[in-house]
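One letter stands for each residue in the lines below.
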Amino acid sequence: MCGIIGYAGTRNAVPVITEGLKKLEYRGYDSAGIAVFGENGFEVVKQKGRLSALEERLKGNAISGNVGIGHTRWATHGEPSDVNSHPHVGSQSKIAVVHNGTIENYRRLKERLEQKGVRFASQTDSEVIAQLAEYYYDGNLMDTVVKVSGALEGSYALGIMCLDEPDSLVAVKKDNSLIVGVSEHGNFIASDVPAVLKHTNKVCYLNDKEIAVLTKDGVSFFNFDKEPLPKEIETVSWSFDSAEKGGYPHFMLKEIMEQPRVLKDTVRSVLSGGGNKSVIDNLDISGFDKIVITACGSAYNAGVVARYVFERLCRMSVEVELASEFRYKDAIIGDKTLVVLVSQSGETADTIAAMREAKSKGAATLSIINVVGSTISKEADYCLFTAAGPEIAVATTKAFSAQLVLLYALAVRFAVKLGKLPPEKEIALMAELETLPEKAKIILGHTDFIQKYASECVVYKSIFFIGRNIDYAIALEGSLKLKEISYIHSEAYAGGELKHGTISLIEEDTLVVAISNCGRLFGKIMSNAEQVMSRGAKVLLIGCCPEADSASYGGKLSYIGLPEISELFSPSLSVVVLQLFSYYVAANKGLDIDKPRNLAKSVTVE
Ligand code: F6R
């Protein structure tokens, strides 16, 4: 979590850095800060609260300089406060640091420095980096960075400035993302590409234990032996506009509305030539006897949906594991296991650890990732990229939809290779995948009822989501989406499971959202719906249910119909309604939808 940015160039670094921080705020938003080299040394402004609070402070505090660093924080060590905000400056006011990551041995380092008389100002783990750098500094910042890195345990992406070297900025990383951007007016470091897109789309992805030294004139790269490293500057396809709200009140709504385009591009990426198609074509599934999908949060939910699709089409048993559990369970996997890692950011700490655990046991790893250059995309044996573009809202929508589509395509192709699906059926399924963008567009073109219905749901204290089989899988995502942005308590259940305990929670004015796209199970889910309605609940039925007769339930049942689609791909349409529902409930509550409390988008800590 946390976002860092640095700039060395010809422009005033302050607006460049604050603009960039806006694009990183999704990584943490409990405090923000900036440091530049001013006429009298470091000028540091840092402030508890949102970036807007820092901007207010900066209005009355006209600092400027051509080299600077900035930070937006998601607190791990030490409460959100002005003093715990970054940048941290050592007690000799010689070194300033911004840090994304966690320093696991910071207590030990802090104690040692305190014994030598160093006085700490904050409760953070990050301050130890600035203090240690001052302790080691002997006239060369790069040497110092190598020494400091050798002493740190944990994860870090660092931007470091030194008073004695005011024209440069040094960056280094281990286990946290860091990109370098080069532009005509100066050079950047940042946690993620959108932070620099306003200035450049020429970037380079720093690897662990690589150092970047930035000045206004260029960037040099070194290893820890201080040998120069040749690094390639790549041109990214993401545009500046793709990371802007484009007239929508929230990024989340914009990203929901972008889904037809995202679905189309992602489907196309597996059908026509290109990276994804060749990865899938070259993967020999017959060498594996087991697939394990592992991920966190929504990406895990995509895995739960995919399990139904893989098992149905490939007739192969598939396990789905939370990455935070998988990494510690001593999984029974080996060289005949394909471990599939699903992650928008490619930087989620638990998913990275799951990948490394799988590799250490000899399993093959295939990742499904949105952010090019991210840790998982680089370390996994194979990688498929979702064509979602930058996703800024903390709650994922379009990246989730793109993950689903890649997982479907993978299942279809694997089924053919395993001889479980005749070629004509493959053609039919792929053709159906191509209809998804148009069908999603139909839903997005008719949001009036969802908006109105959602506006009436702000009163509920609890909303349950139920479904059977693949509808249950997507119910998990509906429930997560609702609770994370609306703060309404919610749980998802397999419809048949309600009567084994949960039904005791159903009372007057509880809402149950029932999803039904499995025609063969319509009667079953309707009997679950009747069970909860007879105990006072209201039901919102979502699906393709020609037999639905909402009028006969005396106002207790409402129905949102979906375009017709095969059961296996139906989660891609259900989820669009579920996302809109959550969005409009949260919007009606007036909440900060793009930055829900306590959350951050890229969960780079355990
Ligand atoms: C929920 C959400 C999270 C992420 C999870 C994994 O809306 O966005 O649950 O899905 O933190 O993140 P990635 O996909 O980056 O690994």
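Above this text is the structure in question.
Owing to the predicted nature of the structure, the values given are computational and were not obtained by experimental measurement. (Residues numbered from 1 in each chain as written. Predicted model: local features only at pLDDT ≥ 70, side-chain atom pairs only at ≥ 80, totals over all residues. Heavy atoms only, no water.)

A. Representation of the sheet that holds strand β7 (residues 154-162) in the model. Within the open sheet, the six strands sit side by side as β5-β6-β7-β8-β12-β13. Their pairing is antiparallel. Where the open sheet ends on each side, the last strands, each with one partner, are β5 (88-89) and β13 (219-222). Note that strand β6 (residues 95-103) and β7 share nine bridges and pair antiparallel. Across the sheet, residue N100 finds its bridge partner in β7, namely A157. Sitting on the sheet, helix α4 (residues 127-136) is in contact with β5, β6 and β7, with an inclination near 135° to β6. Where helix α5 (residues 141-151) meets the sheet, it contacts β6, β7, β8 (169-174), β12 (211-214) and β13, and its direction lies at approximately 160° from that of β7. (Pairing = 2+ DSSP bridges. Helix = DSSP H or I, 4+ residues; strand = E, 2+ residues; numbered from the N terminus. Contact = heavy atoms within 4.5 Å. Axes fitted to C-alpha atoms, helices over the stretch in contact; angles between N-to-C directions.)

B. Region of the structure containing the packing of aromatic side chains. In total, this model carries nine aromatic pairs according to the counting rule given. Between Y453 and F581 the ring centres are 6.4 Å apart and the planes differ by 45°, which places this aromatic pair in the tilted class. Note that Y453 is positioned in helix α15 (residues 448-455) and F581 in helix α18 (residues 571-588), a separation of 128 residues in sequence. Each member of the pair Y453 and F581 is classed as buried. Seen in terms of ring centroids, F464 and Y493 are 6.4 Å apart; in terms of plane orientation they differ by 40°. Their pairing is tilted. (Phe/Tyr/Trp six-rings, centres within 6.5 Å; stacked < 30°, edge-to-face > 60°. Buried < 20%, exposed > 50% of the residue type's maximum accessible area, 1.4 Å probe, protein only.)

C. Looking closely at α5. Burial analysis of α5 places eight of its eleven residues in the buried class, the great majority of the element. Listing the buried residues of α5 in full gives L141, M142, T144, V145, V146, V148, S149 and A151.

D. Seen up close, the environment of G496. Looking at the element boundaries, G496 is found in the loop between β21 (489-494) and β22 (511-516). When the C-alpha atoms of G496 and N528 are compared, they prove to be 7.2 Å apart, with 32 residues separating the residues in sequence. G496 has contacts with R468 and N528, leaving out every residue within four places of it along the chain.

E. Focus on the state of the cysteines. Throughout the structure, instances matching the rule amount to zero disulfides. Take C296: it sits in no disulfide, and the sulfur closest to it among the cysteines is that of C383, at 16 Å. Using a relative accessible area of 24% as the deciding quantity, one classes C296 as partly exposed. (Disulfide = S-S within 2.5 Å.)

F. Main features of the packing of helix α1 (residues 13-22) against helix α2 (residues 51-59). With their axes 10 Å apart at the nearest point, α1 and α2 run at an angle of 165° to one another. Looking at the two axes, α1 sits roughly antiparallel to α2. Classified by chirality, the crossing of α2 by α1 is left-handed. Facing V14, T18, L21 and K22 of α1, the residues of α2 in contact are L51, E55 and L58. Looking at the contact of α1 with α2, its residues break down into four nonpolar, one polar and two charged. (Parallel < 35°, antiparallel > 145°, perpendicular 65-115°, else oblique. Left-handed = near helix turned anticlockwise from the far one by under 90°. Nonpolar A, V, L, I, M, F, W, Y, C, P; charged D, E, K, R; others polar.)

G. Region of interest: the site of the ligand. Taken together, the neighbourhood of the ligand is formed by 14 residues, with S343, Q344, S345, T348 and E484 sitting nearest. The contact in question runs from an oxygen atom of the ligand to an N or O atom on the side chain of K481, over 2.8 Å. Out of a free accessible area of 400 Å², the ligand has 90% covered by protein chains. Looking at the shell around the ligand, the elements with two or more residues in it are α9 (297-314) and α16 (470-486). Counting residues per element, the shell around the ligand draws most heavily on α9, which supplies three residues. Per-class residue counts for the shell around the ligand are five nonpolar, seven polar and two charged. (Near = heavy atom within 4 Å. Polar contact = N/O pair within 3.5 Å; in protein donor to acceptor, adjacent residues only side chain to side chain. Areas by Shrake-Rupley, 256 points an atom, 1.4 Å probe, with all protein chains shown as cover.)

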